[in-house]
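In case you want the letters, here they are:
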Amino acid sequence: PTHYERILARLQREDAVRPDTTSLKFMFGAGAAVASQTIQAFSNFGLVLKQGYGQTETSMLCCLEEGDAVGKAGSVGRPLEHLELRVIEPTSLTGPPSGWQDIVPSDKAEAAQVGEIVVRGPITMLGYWRNQAGTRETLRDGWVLTGDLARIDREGFITLVGRSREM
């Protein structure tokens, strides 16, 4: 998001020469959440800034599409089709997947409980190279525990709020 803040600051300068953006379809941010006001500010210039989410262990997991980029700004979007994604109550992760408790989605993501994102599907890793302990901690019966904390709203939009662990 840092480079988008810098681009926006340049666009907002009084003496800025507006670049030709007619061939630009959209911009895409990932790695950290792009601030809602940044997405809105780009929209005011007629530019779409989408948000996405993924990991090295999983590939892309979510995408915030153009039509939702402003109205759901701050979210990383909905899960993609090629995977199963759940937001799990963290204390239930100590047991087997059959006992995991999903967070109940809320009408507004900011009011929802926080849980950890878990994912499975053909896009997940098989394990960490020469790190069996890390693999056992991260993979459970085909599910990848991402370490990412999030909220989910009733429409399925995911909003990242932090990390439960670092590797």
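Higher on the page you've got the structure.
This structure is a prediction, so every number in the text was calculated from the model and none was measured.

1. Let's talk about the overall build of the protein
When helices and strands are counted, the protein shows three helices and nine strands. Secondary structure elements of the protein occur, N-terminal to C-terminal, as α-β-α-β-β-β-β-β-α-β-β-β. Along the first, second and third principal axes, the C-alpha atoms of the protein reach 60 × 40 × 25 Å. Every one of the 167 residues in the protein was classed for burial, and the buried ones make up 41%. A total accessible area of about 9600 Å² is found for the protein, and carbon and sulfur atoms account for 51% of it. Across the protein, 18 positive and 21 negative side-chain charges occur, with their mean positions spaced 3 Å apart.

2. Points about the nonpolar core
Membership of the largest hydrophobic core comes to 14 residues, with the highest contact counts inside it found for Tyr 53, Leu 61, Cys 62, Leu 85, Val 87, Ile 117 and Ile 158. Those elements that place two or more of their residues in this core are β3 (59-64), β5 (84-88), β6 (115-120) and β8 (143-152). A per-element tally of this core places β8 first, with three residues. Counting residues in hydrophobic clusters, the runner-up holds 12 residues, among them Leu 8, Met 27, Ile 39 and Ala 41.

3. Side note on the packing of aromatic side chains
Applying the stated rule across the entire model yields two aromatic pairs. Here the aromatic rings of Tyr 4 and Phe 42 are separated by 6.0 Å at their centres, their planes lie at 85°, and the arrangement is edge-to-face. In this pair, Tyr 4 is assigned in helix α1 (residues 2-12) and Phe 42 in helix α2 (residues 36-44), connecting sequence segments 38 residues apart. Residues Trp 100 and Trp 143 carry aromatic rings whose centres are separated by 6.2 Å and whose planes lie at 65° to one another, so their mutual orientation is edge-to-face. Of this pair, Trp 100 sits in the loop between β5 and β6 while Trp 143 sits in strand β8, and the two are 43 residues apart along the sequence. Neither Trp 100 nor Trp 143 differs from the other in exposure class; each is buried. The ring of Phe 26 has Lys 50 lying over it, and the distance from NZ or CZ to the ring centre is 4.2 Å. Stacked on the ring of Trp 143, the Lys or Arg Arg 86 has its end atom at 5.3 Å from the ring centre.

4. Quick notes on the side chain of Glu 116
Looking at where Glu 116 falls in the secondary structure, it is placed in strand β6. Judged by relative accessible area, Glu 116 falls into the buried class, the value being 5%. Within the local environment of Glu 116, its side chain forms a polar contact with the backbone nitrogen of Gly 147, the two atoms lying 2.9 Å apart. Those residues in contact with Glu 116, other than ones at most four positions away along the chain, are Arg 86, Val 87, Ile 88, Pro 90, Leu 93, Leu 145, Thr 146, Gly 147, Asp 148, Leu 149, Ser 164 and Arg 165.

Each value, and the rule that gives it
Residues numbered from 1 in each chain as written. Predicted model: local features only at pLDDT ≥ 70, side-chain atom pairs only at ≥ 80, totals over all residues. Heavy atoms only, no water. Helix = DSSP H or I, 4+ residues; strand = E, 2+ residues; numbered from the N terminus. Buried < 20%, exposed > 50% of the residue type's maximum accessible area, 1.4 Å probe, protein only. Areas by Shrake-Rupley, 256 points an atom, 1.4 Å probe, with all protein chains shown as cover. Lys, Arg positive; Asp, Glu negative; His and termini not counted. Charge placed at Lys NZ, Arg CZ, Asp CG, Glu CD. Core = buried A, V, L, I, M, F, W, Y, C linked by side-chain atoms within 4.5 Å. Phe/Tyr/Trp six-rings, centres within 6.5 Å; stacked < 30°, edge-to-face > 60°. Lys NZ or Arg CZ within 6 Å of the ring centre and 35° of its normal. Polar contact = N/O pair within 3.5 Å; in protein donor to acceptor, adjacent residues only side chain to side chain. Contact = heavy atoms within 4.5 Å.

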